[in-house]
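# Structural characterization, general
Residue strings, one per chain:
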Amino acid sequence: MNSLLPHHMIRLRGPWEYRPLARTVRLADGSSRAESGDLPAPGRIQLPADWGATLGNDFRGRVAYLRRFGRPTGLDAAGRVELVITRVDAVGSVRLNGQVLGDIPAGGAVWRCDVTTWLRPRNELVVEVELPRLTDRSPPLARPGREGLPGGLIGRVRLEIIPGDGD
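Here the structure is a predicted model, which means the values were calculated and not measured.

Below, the discussion takes up the pattern of salt bridges. Two side chains carrying opposite charge are able to pair once their charged atoms lie near each other. Applying the stated criterion to the full structure yields 11 salt bridges. R95 is paired through a salt bridge with E128; the nearest N and O atoms lie 3.1 Å apart. With a gap of 33 residues between them, R95 in strand 8 (residues 91-96) and E128 in strand 11 (residues 122-131) connect regions that are remote in the sequence. With a relative accessible area of 15%, E128 lands in the buried category. Here R158 ties to E160 by a salt bridge, and the two come within 2.8 Å at their closest N and O atoms. Grouping residues by exposure puts R158 and E160 together as buried. One continuous salt-bridge network, built from bridges that share partners, spans R80, E82, R112, R158 and E160.

Dropping the structure here:
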């Protein structure tokens, strides 16, 4: 008999570590460029949250969020684990234990990925979030309800355990 409830969830709450990777600056000609010098210091943050309180409301650029966690216990051979990120602002990319899992497009859609085969006893999840500084030449960026606000990992992150059909 499977001891897990269907769709058991483990929330990956904080604290998370964050590290600014690049700042997007506006150039005199109206274009923008990412720069890796003179960045705010890394730190810890409770998520979900935007980066306004830690990096400032005007920060535009790319930030890596890191969370370590253990492999969920009680998985049966046919069970699987999905990583679910409910929202980033504005675009993101996800890695688990160095394995690239995919990109999260702008627009606020929930992102999910089966991570069963990449789980280890100890795991390192990295979500990079980028909110670029837009220029007059930039294409519009879908940020429903977030226009003018700081970026970040603003949705919940969780593991969903889906038991196999066996008993």
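Attention shifts here to the sheet that holds strand 7 (residues 80-85). By way of backbone hydrogen bonds, the strands of a sheet pair with one another, either parallel or antiparallel. Pairing in this open sheet of four strands is antiparallel, and the strands run 1-13-7-10 from one edge to the other. The open sheet terminates on both sides in strands that have one partner only, identified here as strand 1 (8-11) and strand 10 (111-114). Recorded for the sheet is a direction-independent mean angle of 25° between the axes of neighbouring strands. Sheet topology note: the strand 7/strand 13 (residues 157-162) ladder contains six bridges and is antiparallel. Bridge pairing in strand 13 links L83 to L159.

Definitions and cut-offs
Residues numbered from 1 in each chain as written. Predicted model: local features only at pLDDT ≥ 70, side-chain atom pairs only at ≥ 80, totals over all residues. Heavy atoms only, no water. Salt bridge = Lys/Arg side-chain N within 4 Å of Asp/Glu carboxyl O. Helix = DSSP H or I, 4+ residues; strand = E, 2+ residues; numbered from the N terminus. Buried < 20%, exposed > 50% of the residue type's maximum accessible area, 1.4 Å probe, protein only. Pairing = 2+ DSSP bridges. Axes fitted to C-alpha atoms, helices over the stretch in contact; angles between N-to-C directions.

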